[in-house]
Structure formats: structure tokens, C-alpha cells
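These are the residues of each chain, in order.
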Amino acid sequence: MFKLTHLKELESESIYVLREVAAQFERPAILFSGGKDSIVVTYLAYKAFYPAKIPFPLVHIDTGHNFQETLDYRDNLVKKLGAQLIVGSVQESIDTGRVKEEKGYNASRNRLQTTTLLDTIEKYKFDACIGGARRDEEKARAKERFFSHRDEFGQWNPKNQRPELWNNFNGKKNMGEHFRVFPISNWTEMDVWQYIYAEQIELPSLYFTHERRCFFRDGQWLAAEPCMMLKPTEEVVTRRVRCRTIGDITCTGLTISEANNLEDIISEIAATRITERGGRADDKRSETAMEDRKKEGYF
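Residues numbered from 1 in each chain as written. Predicted model: local features only at pLDDT ≥ 70, side-chain atom pairs only at ≥ 80, totals over all residues. Heavy atoms only, no water.

A.B. asks: Can you tell me about the overall build of the protein chain, naming the residues and giving the values?
C.D. replies: Within the protein chain, the regular secondary structure consists of eight helices and 10 strands. The burial tally for the protein chain puts 53% of its 299 residues in the buried class. Taking contacts inside the protein chain between residues at least 6 apart in sequence as the whole, the part at least 24 apart equals 73%. Accessible area for the protein chain stands at about 14,300 Å²; split by element, carbon and sulfur atoms hold 50% of it. (Helix = DSSP H or I, 4+ residues; strand = E, 2+ residues; numbered from the N terminus. Buried < 20%, exposed > 50% of the residue type's maximum accessible area, 1.4 Å probe, protein only. Contact = heavy atoms within 4.5 Å. Areas by Shrake-Rupley, 256 points an atom, 1.4 Å probe, with all protein chains shown as cover.)

A.B. asks: Quick rundown of the sheet that holds strand S5 (residues 147-150)? Include the residues and the values.
C.D. replies: Strand order in the open sheet formed by six strands is S3-S2-S1-S4-S6-S5, and the pairing between neighbours is mixed. Only two strands of the sheet have a single neighbouring strand rather than two, namely strand S3 (85-89) and S5. Strand-to-strand, the axes of this sheet are offset by a mean angle of 30°, without reference to chain direction. The sheet strands contacting helix H1 (residues 5-24) are strand S1 (28-31), strand S4 (128-130), S5 and strand S6 (178-181), and the helix crosses S5 at an angle near 40°. (Pairing = 2+ DSSP bridges. Axes fitted to C-alpha atoms, helices over the stretch in contact; angles between N-to-C directions.)

A.B. asks: An account of the packing of H1 against helix H6 (residues 189-199) is needed here, citing residue identities and associated values.
C.D. replies: Look at H1 against H6: their axes get within 11 Å of each other, and the N-to-C directions meet at 95°. The angle between H1 and H6 falls in the class roughly perpendicular. Across the interface between the two elements, His6, Leu7, Leu10 and Glu11 from H1 touch Asp191, Gln194 and Tyr195 from H6. Per-class residue counts for the contact of H1 with H6 are three nonpolar, two polar and two charged. (Parallel < 35°, antiparallel > 145°, perpendicular 65-115°, else oblique. Nonpolar A, V, L, I, M, F, W, Y, C, P; charged D, E, K, R; others polar.)

A.B. asks: Explain unusual backbone geometry to me, and be specific about the residues and the numbers.
C.D. replies: Geometrically, the link from Tyr50 to Pro51 is a cis peptide bond, its omega value of 10° lying close to zero. Along the chain, Pro51 falls in the loop between helix H2 (36-49) and strand S2 (58-62). One non-glycine residue, Lys125, lies in positive phi territory at about 55°. Positionally, Lys125 belongs in the loop between helix H5 (113-124) and S4. For Gln200, which is not glycine, the phi dihedral falls at a positive 55°. Looking at the secondary structure, you find Gln200 in the loop between H6 and strand S7 (210-217). By relative accessible area, which is 56% here, Gln200 ends up exposed.

A.B. asks: How would you summarise the pattern of salt bridges if you had to cite specific residues and measurements?
C.D. replies: Applying the stated criterion to the full structure yields 16 salt bridges. Here Glu199 and Lys47 are joined by a salt bridge, their closest N and O atoms 3.3 Å apart. With Glu199 in helix H6 and Lys47 in helix H2, this residue pair connects regions lying 152 residues apart in the sequence. For Glu199, a relative accessible area of 15% gives the class buried. (Salt bridge = Lys/Arg side-chain N within 4 Å of Asp/Glu carboxyl O.)

A.B. asks: Let's hear about the pairing of strand S8 (residues 220-223): which residues, and what values?
C.D. replies: The alternating pattern of S8 places Gln220 and Leu222 on one face and Trp221 and Ala223 on the opposite face, and all of these are buried. As defined by bridge partners, S7 adjoins S8 across four bridges and the pair is classed as antiparallel. Within S8, the position partnered with Phe216 by the bridge is Trp221. What sits between S7 and S8 in their antiparallel hairpin is a turn of two residues, with Asp218 showing a positive phi close to 50°.

A.B. asks: Residues and numbers for the state of the cysteines, please.
C.D. replies: Each disulfide consists of one covalent bond between the sulfur atoms belonging to two cysteines. Scanning the model with the defined rule gives zero disulfides in all. Here Cys227 is not cross-linked by a disulfide; its sulfur's nearest cysteine counterpart is in Cys251, at 10.0 Å. Among the residues examined, Cys227 registers a relative accessible area of 26% and is labelled partly exposed. (Disulfide = S-S within 2.5 Å.)

A.B. asks: Can you explain the environment of Phe216? Please cite residues and give values.
C.D. replies: Looking at the secondary structure, you find Phe216 in strand S7. According to the relative accessible area criterion, Phe216 is partly exposed, its value standing at 46%. A sequence separation of 21 residues divides Phe216 from Val237, and the C-alpha atoms of the two residues are 9.0 Å apart. For Phe216, the residues in contact, after removing those within four places along its chain, are Trp221 and Glu234.

A.B. asks: An account of the side chain of Arg217 is needed here, citing residue identities and associated values.
C.D. replies: One can find Arg217 in strand S7. We classify Arg217 as buried; its relative accessible area is 5%. A distance of 3.5 Å separates a polar atom in the side chain of Arg217 from a polar atom in the side chain of Asn106. Once residues within four sequence positions are removed from consideration, Arg217 is found in contact with Tyr105, Asn106, Leu222, Met229, Leu230, Lys231 and Glu234. (Polar contact = N/O pair within 3.5 Å; in protein donor to acceptor, adjacent residues only side chain to side chain.)

As C-alpha cells, this is what we get:
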């Protein structure tokens, strides 16, 4: 067990939120990306309801451009926990004409996830979707409550957030509406890494230093995978890198690093002055990129 009292307090708060979800909603689900935050949320749900199985399915919105390491980790974790997995396919949304794929060098399927996510929520009638967002991640995240209301179109209105005094959570909703729930809202990136270290939580290998073919574009390293269109001037080289945050290949920046264990990662995070999402290309499309996506129904 760990001795960091603040981590115990954060864990207790998050488990309380997860149990409130189970008490107030009929069809909750965990939004699972394969990133460290959603992994921690899943682990907290495991602890919250042990020895019973996690009472929520894991929902993964697969862009079709995910790292294979992420998919392998997802499948192994679901098998280990005996959890239910539901996959929403962006490729299927493209094939059925629900969304139109972007073209060009900076094309990404990241924004297309919104339609697939909302369609999946509607299909399975989820009334609460639990995610791993933290308030310290990005300025739009800082406006969130633990229970974040979404209207009948799945959209978020930052002005329509309910007060949560003394951790009293209001999950009442009208027909067709749902909530996004963020149990680790009060955690920081460092808290997450310290908790992973204390609990020895297994992670995808992408988080640790490895050799990967990559190229440099707009101030960041990106993976040279088949889904990436290279410009004539861009050169593919092999570098020792790791992912600080994991998402769609097209927008996940790589960090030059020699951190191949949790202690090294914690030391690296403590020393860096670059924000966690500083390597996410999707956040650089505009000043309000994240907030715009959230208002459309994005996680």
C-alpha cells in the first residue's frame, strides 16, 4: 500500500463518484480509450465493486487508426477483468455515410469520433458515460463538473452545469438526455502517474521508451504509420520515443525520451514545462478546439 495520503483521498473520492453512478443511473458505461486515465478509471471501478465484476461495459470508439499496442492492451484487459466490451467503429460511420473522412496531409479521424460516440450512446441507451478527463488537462476541461449534463442531442453547454456542493451529485435528466461523469476530475497528471506506480497498474508499452519510425511536423514528432500522409519534404527516421498521452495515431505526438520505467516517467513529468496535451495535434487546430468538440458531443 502507498503512504501518499492525498492519493488515498483522491481514490476514495473517485470510488464514491463511481458508486453514485451505479446508484443513480440505469445504463452507465465506461468510455475506454486505452490511455492511462481511462485505465485508472477502470482500475478504480474494479476496486469500487470488488469482488463483483465491474457493473459497467467498457465502450471503445475505434477510429481505425489506433496503435496496435492499444488494441492488444484493451483486449487483454477485458479478458483479465471479465468485463463487457462494446466497440463503436468510425470506419463503419464513414462507410454508412454518417461522417465524411477528411483528406490531405493533416487529415484525422479524431473529430469523427463524436458522431460514432453519440450513435453508440443512442444504440445502447446509455444514460451515463464515465470518462477519465481531468480538470488540469486543458482549459475546457476545467469547466466540467463530476456529473456533466448533456442535452438530447448529446451536446454540452458550459453555462448549464449544476452545482455540486458538498459532493451532492444531481443525476436527474429528461428523456433522451444523459450525463458524462468524470471520477478523476480533481487528479493531476502527476497524481495519475504516482497512483499507477503505487498500485503497479499495467500500461500499454507505448508509454515507455521504444524505437519507432517517425517524422517531424509542426514542432512535434508523429508516428510514421500507413494512415499518415507524408509531405515530400518530410523524412522518416527512427527515434527513441514514448507516448505521453495516447489517442488516434494522426494526432498523437511522440516524446523523445529515455524513460523506460515508472520512476523515470515520474521524474520526467516533474521536470517538464510542456503540458500533457502539448503534443496533441487535434488541440492545435484552433484556440478553442477542445471546447468546440465538447459542445458537439465529444468526450
